[in-house]
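Single-letter residue listing:
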Amino acid sequence: MAFGKGCHLHLIDGSAFIFRAFHALPPLTRKSDGLPIGAVSGFVNMIWKMVEDNKGPDAPTHVAVVFDKGSHTFRNDMYDLYKANRDEMPEDLRPQIPLTRDATRAFNIACLEQEGYEADDIIATLSCQAREAGGRVTIISSDKDLMQLVGGGVEMFDAMKNTRIGVEEVEAKFGVGPERVIDVQALAGDSVDNVPGAPGIGIKTAALLINEYGDLETLLDRAEEIKQPKRRQTLIENREQIELSKKLVTLDCEMPVEVTLDELDVKEPDAEVLLPWLAEMEFRTVTRRVAEALGAEAPVIEDKPAATAPDEDAGPAPEAVPFKPEAYEWVKDEAALQVWIDRILQCGWVAVDTETTGLNEMRADLVGISLSVEPGQACYIPLAHKASGDGGLFDDGKLAEGQMDLDRALAMLKPVLEDAAVLKIGQNMKYDAKIFSRYGVEIAPIDDTMLMSYAMHGGEHGHGMDLLSEKYLGHNPIPIKDLIGSGKSQITFAQVPIEEAVKYAAEDADITLRLWQLFKPQLHRARVTTVYETLERPMVPVLKRMEMAGIKVNRDTLSRMSNAFSQKMAQLEDEIHELAGEKFNVGSPKQLGEILFDKMSLPGGKKGKTGAWSTPADVLEDLATEHDLPARVLDWRQMSKLKSTYTDALQEHINPDTGRVHTSYSIAGANTGRLASTDPNLQNIPVRSEEGRRIREAFVASEGKTLLSLDYSQIELRILAHIADIEALKEAFAAGQDIHAATASEMFNVPLDEMTPEIRRQAKAINFGVIYGISGFGLARNLRIPRAEAQGFIDRYFERFPGIRDYMDATVKFAKEHGYVSTLFGRRIHTPEINAKGPHAGFAKRAAINAPIQGTAADVIRRAMARMDPAIEGLPARMLLQVHDELIFEVDEGAEDKVIDRVREVMEGAADPAVKLAVPLVVDAGQGANWAEAH
DNA sequence: CCTGTCACG
DNA sequence: GACGTACGTGACAGGG
């Protein structure tokens, strides 16, 4: 196609780009043979982006990539020191130079280079030709040496910063228009290219002089008139050198190029050439994308690591991209953010991390966001960092410089974060999802490295990011303490200087991305993909909604109770002091022990590790039969516990904005698969004692609504019956019998209709003991009976239910062989201590026996929860709390029965279809205006 | 920061 | 033969 008016030529400065890419990007290597290809990869991505982006009205009609050829040019003939201070080309870059040319040809783009000339001269010549032909030119480069070409239809574009450079930008840089740039450069010189210029004169002064005299020649001719003696002398003395410099910096617009503009017309890449080449380079992502765009099938790239690569479990591979905090980008404006968004859309995933002012997701404010799409490449977008102030009373709280508008950044990111085609990767994503949600962004879909670790390594170690990074990437991240301190002098992340924040925050995203790349394929090999996808990951959106909903807590109720407890405690305290004959701190076990066991010489005292007397409740209970003082202390302790932990602390947790209490569930906290509730813990609200149970009256349904409580009846015993395959238990459950009574009947040969509460109580204790990995000692203590008697019960139990012992033995044997035990749904709980010697051994054995039972129950309710939202969709109900075997809902008055039916169906059928339980799951339901009534 | 105690399933 | 033992959690107070 002939080049002429209306045509648009793109000239890509290939040499400059790969140099910049080489230094800016992490040293990526080809997996199969370790060939360094980081710069080529950056180049290919840039080219592909240009191809993709340039389909609009401003699309180029002609394009070429221009390279330097050789190191000797006509400038060296003029000045032998030209570019003489250049370092040797880095060893890892050298092999990438020819590959870049191959890449250009593979994309079917003209590849230009000419002996004796620099790429800049080719660009200059073609630009001039194009301009004369009436066309437009975009030079893809940020090289200042090319800025003299800008103007009259020629502009530049910085591909790495994604910014265009026009006349204004050139003026901003050089202080003169493009046509006078060479004059300024001639005076200022250039240390990079070793252009001498005028000593002592920089760009600022040069621009000043040129603007005053019009151009370099006039300036030099009239140098005598310069007022400043030093400048005058310099210009006069160095005239020759300055004139040489101008020749060096002036690009040759009339060199003999070997191509015509017409030959540079844009051509579609040939899939049959391009795809095999990309595959050979092992660029997985871009190969896939190009194949999609060209409607061709992506060639298979074998995932064949270098022969020297170690086993992936042995630690980080040696070719791993190193961590370089200085490579992380501080995103300051929309253009820079847009570059990241484009990269994310191109690769289809992104690691995301938010920085906030605190750990409470319902109260913390967003301070910044970090992103990473490739190991070693991450950015931080600061949004609400404060300008450095003393943080004191007179700190004006102004925002620091270099930050995007928060709303604007979120508006730009929202489509990506909510894009179903872009996977968002996080470490403990529930936290970030809640933060984003408060800013109107519902992040999805997600992957969570913490939960991947939990699925694969539950029981082996914790799943915090610092630990995972150290263990699996061999990298110790910057501790947050280094930035915000700890204790009293702790500051918020908003007060951290942005330079530091970038290194910390971007590193977190980088680490998360690397962990994800490592874990993702391992999930499958560890056979826990289903566990992760059905039991862990679905908890994130479900718990997010529950936690954000919160539960209404009546402050007045708590406050009144608190006062009542205070009065009662004061009264008890007086009585205790009276009985003791002296005043002491009742709340101090140490002081209490001294009163009881030293002063009063009561029996049964034991000392703990610290040498202080131990005064647990059971010891005091024994003493209470004979003495008033320990009985009063027990009452006091109950009051004290209820007051401090519940009536007082709970009030502090009422969110002032919502009037509700928002707990936070840890998905990966408990080894068995149970959730854990924190800040506050709503899974241990009192219920067993009458006084304690009244705390639940403060947990209320909001106006016009009702609280529902649905809980699994005896779920762990049912699971035991199934797993250990105990006929008698299964039958009792199938018949809907009272399981503890049935156990008692079987063990003690008492007909059900003659069952006494006492016998049933003992059987109940044994049933629980079995689940916990029974021991004579433990049962004896629990039932307060002699150890021999307890052992007799156990023996009899195992006689009647031999399958239980078989299950226990088999489970321990499996754990010893494999190092883990499994739930019915495939969750693995590792038991690293199982082969330990000494007292640890007993613990580990019982934990191994208990884990599949407790864990399966945990899996069941997780499955129910994952299905619950769609099941109750359309009903005026929402799920608020989970307490291991119980779910709490808030529903509109009148909808109770309908919701109970639907929820019960989901809960009772939660094991289906993955596991066909040999026992029915039964759910009991309650309702009321508060939790005490509903339970 | 650790220990003891006690709230829950 | 002695030792130490129910399983899983989290929060608070005391004390070093």
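In case you missed it, the structure is sitting above this.
These figures come from a predicted structure and were not determined experimentally.

Here we come to the overall build of chain A. Looking only at helices and strands, one finds 37 helices and 25 strands in chain A. Across the 935 residues in chain A, those meeting the buried criterion constitute 51%. If you take every contact in chain A between residues at least 6 apart in sequence, the share linking residues at least 24 apart comes to 67%.

Turning our attention to the packing of aromatic side chains. Summed over the entire model, instances satisfying the criterion amount to 15 aromatic pairs. Ring geometry for Y380 and F493: centres 6.4 Å apart, planes at 80°, overall edge-to-face. Of this pair, Y380 sits in strand 10 (residues 377-382) while F493 sits in the loop between helix 19 (481-484) and helix 20 (498-525); the two residues are 113 residues apart in sequence, bridging distant segments of the chain. Both rings, one in F493 and one in Y504, keep their centres 5.7 Å apart while their planes meet at 45°; by these two values the pair is tilted.

This next bit is on empty space enclosed by the protein. Where empty space is left can be seen by rolling a probe of water-molecule size over the atoms. This structure, assessed with the given rule, holds three cavities of 30 Å³ or more. The space that makes up the largest cavity amounts to roughly 80 Å³. If you trace the largest cavity, you find it lined by R75, Y82, E118, D120, D145, Q148, Q185, D193, V195, L248, V249 and L251. Per-class residue counts for the lining of the largest cavity are five nonpolar, two polar and five charged.

Strand order in the open sheet formed by three strands is 16-13-19, with antiparallel pairing between adjacent strands. One side of each edge strand has no neighbouring strand; the edge strands of this open sheet are strand 16 (660-661) and strand 19 (699-700). Two strands pair when backbone bridges link them, and strand 13 (residues 551-553) and strand 19 are joined in this way by two bridges, in the antiparallel orientation. Residue K552 lies in a different strand from strand 19, and its bridge partner there is V700.

Tracing the sequence through the fold places C111 in strand 3 (residues 110-112). Residues C111 and V63 lie 48 residues apart in sequence; the distance between their C-alpha atoms is 9.4 Å. Beyond its immediate chain neighbours, meaning those up to four positions away, C111 contacts V65, F67, R101, T104 and R105.

Attention now goes to the protein's contact with DNA strand C. In the vicinity of DNA strand C, 32 residues are found, and the nearest of them are S588, D679, N681, F777 and R787. In DNA strand C, the atoms that sit within 4 Å of the protein are 64% sugar and phosphate, with bases accounting for the remainder. One nitrogen or oxygen atom from the side chain of N585 is found 3.4 Å from a phosphate oxygen belonging to DNA strand C. R787 places a polar side-chain atom, nitrogen or oxygen, 2.8 Å from a base oxygen of DNA strand C. Elements with a minimum of two residues in the surface near DNA strand C: helix 26 (628-652), strand 18 (676-678), helix 31 (757-772), helix 32 (776-783) and helix 35 (839-871). Counting residues per element, the surface near DNA strand C draws most heavily on helix 35, at five residues. Of the residues that constitute the surface near DNA strand C, the class distribution is ten nonpolar, 16 polar and six charged.

At a closest axis distance of 9 Å, the pairing of helix 12 (residues 271-281) and helix 13 (residues 284-294) adopts a crossing angle of 165°. The angle between helix 12 and helix 13 places the two elements in the roughly antiparallel class. Along this stretch, helix 12 crosses helix 13, giving a crossing that reads as left-handed. Where helix 12 abuts helix 13, its residues A271, L274, L275, L278 and A279 lie against V286, T287, V290, A291 and L294. Split by residue class, the contact of helix 12 with helix 13 holds nine nonpolar, one polar and no charged.

Look at any regular strand and the pattern is simple: side chains alternate between the two faces of the sheet. Counting buried residues along strand 24 (residues 886-892), six of its seven residues qualify, which places the element largely inside the surrounding structure. Sheet analysis places strand 20 (residues 705-712) next to strand 24, joined by seven bridges and oriented antiparallel. Note on strand 24: the bridge partner recorded for D711 is E886. In terms of strand pairing, strand 23 (residues 877-882) meets strand 24 through five bridges, oriented antiparallel.

Time to look at the pattern of salt bridges. A side chain of one charge can pair with a side chain of the opposite charge if their charged atoms are brought near each other. Evaluated as defined, the whole model comprises 49 salt bridges. Notably, a salt bridge pairs R180 with D183, separated by 2.6 Å at the nearest N-O pair. Linking K434 and E361 is a salt bridge whose minimum nitrogen-to-oxygen distance equals 3.5 Å. One end of the pair, K434, is in helix 16 (residues 429-438); the other, E361, is in the loop between strand 8 (349-356) and strand 9 (366-374), with 73 residues separating them in the sequence. Overall, the relative accessible area of 1% leaves K434 in the buried class. On the accessibility criterion, E361 (8% relative accessible area) is buried. One salt-bridge network, in which partners are shared between bridges, spans R180, D183, E217 and K246.

Bringing the side chain of T672 into the picture now. Within the secondary structure, T672 sits in the loop between strand 17 (664-666) and strand 18. The class of T672 is buried, set by a relative accessible area of 10%. Those residues in contact with T672, other than ones at most four positions away along the chain, are Y454, R827, I829, A851, Q854, G855 and A858.

This paragraph deals with the side chain of R660. Relative to the elements of secondary structure, R660 occurs in strand 16. Of note is the side chain of R660, whose polar atom sits 2.9 Å from the backbone oxygen of G550. Among all residues touching R660, those that are not within four sequence positions of it are A549, G550, I551, K552, H653, I654, N655, S702, R878, L880 and E890.

With that settled, the discussion passes to helix 21 (residues 529-536). Among the residues of helix 21, V531, Y532, L535 and E536 are the ones counted as buried. The arc that holds the buried residues of helix 21, viewed along the axis, is 110°, so those residues lie on one side.

Turning to the protein's contact with DNA strand B, a few remarks are in order. Surveying the vicinity of DNA strand B reveals 22 residues, the closest of which are T615, A617, V687, R688 and D885. Each atom of DNA strand B within 4 Å of the protein belongs either to a base or to sugar and phosphate, the latter forming 74%. Note that a base nitrogen of DNA strand B is positioned 3.0 Å from one of the side-chain N or O atoms of R674. R688 places a polar main-chain atom, nitrogen or oxygen, 2.6 Å from a phosphate oxygen of DNA strand B. For the surface near DNA strand B, the leading source of residues is helix 26, giving four residues.

Attention now goes to the sheet that holds strand 25 (residues 923-928). Judged by pairing direction, the sheet is antiparallel, and its four strands sit side by side in the order 23-24-20-25 without closing on themselves. Each of the sheet's edge strands pairs with one partner strand only, and the pair in question is strand 23 and strand 25. Sheet twist, expressed as the average angle between the axes of neighbouring strands with direction ignored, equals 25°. With six bridges connecting them, strand 20 and strand 25 associate as antiparallel partners. Directly across from L708, in strand 25, lies its bridge partner Q927. Lying on the sheet, helix 36 (residues 896-908) is in contact with strand 20, strand 23, strand 24 and strand 25; it crosses strand 20 at an angle near 25°.

Let us now look at the pairing of strand 10. Burial analysis of strand 10 places six of its six residues in the buried class, which makes it a mostly covered element. Here strand 10 shows two buried faces, one formed by Q377, C379 and I381 and the other by A378, Y380 and P382. As paired elements, strand 7 (residues 329-330) and strand 10 share two bridges and run parallel to each other. When the bridges of strand 10 are listed, E329 appears paired with C379. Relative to strand 10, strand 9 runs antiparallel, the two sharing six bridges. Bridge pairing in strand 10 places I369 opposite I381.

With that out of the way, let us pick up helix 13. Of the positions making up helix 13, those classed as buried are V286, T287, R289, V290 and A291. In the core, the buried residues of helix 13 are packed alongside helix 2 (38-53), helix 12 and helix 14 (334-347). Looking at the residues trailing helix 13, positive phi occurs at G295, about 65°.

Attention shifts here to unusual backbone geometry. Residue P680 is reached from D679 by a cis peptide bond, and omega for that bond is -5°. For P680, the position within the fold is in the loop between strand 18 and helix 27 (690-693). Note that the residue after D912, namely P913, is joined by a cis bond; omega there is -10°. Its place among the elements puts P913 in the loop between helix 36 and strand 25. For D725, which is not a glycine, the phi torsion comes out positive at approximately 55°. Along the chain, D725 turns up in the loop between helix 28 (715-723) and helix 29 (727-734). Note on D725: relative accessible area 46%, which makes it partly exposed. At N749, a position not held by glycine, the phi torsion is positive, near 55°. Checked against the element boundaries, N749 lands in the loop between helix 30 (739-748) and helix 31. The exposed category is assigned to N749, whose relative accessible area is 57%.

Calculation rules
- Residues numbered from 1 in each chain as written.
- Chains lettered and ligands numbered in written order.
- Predicted model: local features only at pLDDT ≥ 70, side-chain atom pairs only at ≥ 80, totals over all residues.
- Heavy atoms only, no water.
- Helix = DSSP H or I, 4+ residues; strand = E, 2+ residues; numbered from the N terminus.
- Buried < 20%, exposed > 50% of the residue type's maximum accessible area, 1.4 Å probe, protein only.
- Contact = heavy atoms within 4.5 Å.
- Phe/Tyr/Trp six-rings, centres within 6.5 Å; stacked < 30°, edge-to-face > 60°.
- 1 Å grid on protein atoms, 1.4 Å probe; cavity = no way out; pocket = protein on both sides within 12 Å on 5 of 7 lines; lining within 4 Å.
- Points joined across faces, edges and corners; volume = space filled by probe spheres on them.
- Nonpolar A, V, L, I, M, F, W, Y, C, P; charged D, E, K, R; others polar.
- Pairing = 2+ DSSP bridges.
- Near = heavy atom within 4 Å.
- Polar contact = N/O pair within 3.5 Å; in protein donor to acceptor, adjacent residues only side chain to side chain.
- Axes fitted to C-alpha atoms, helices over the stretch in contact; angles between N-to-C directions.
- Parallel < 35°, antiparallel > 145°, perpendicular 65-115°, else oblique.
- Left-handed = near helix turned anticlockwise from the far one by under 90°.
- Salt bridge = Lys/Arg side-chain N within 4 Å of Asp/Glu carboxyl O.
- Arc of directions from axis to C-beta.

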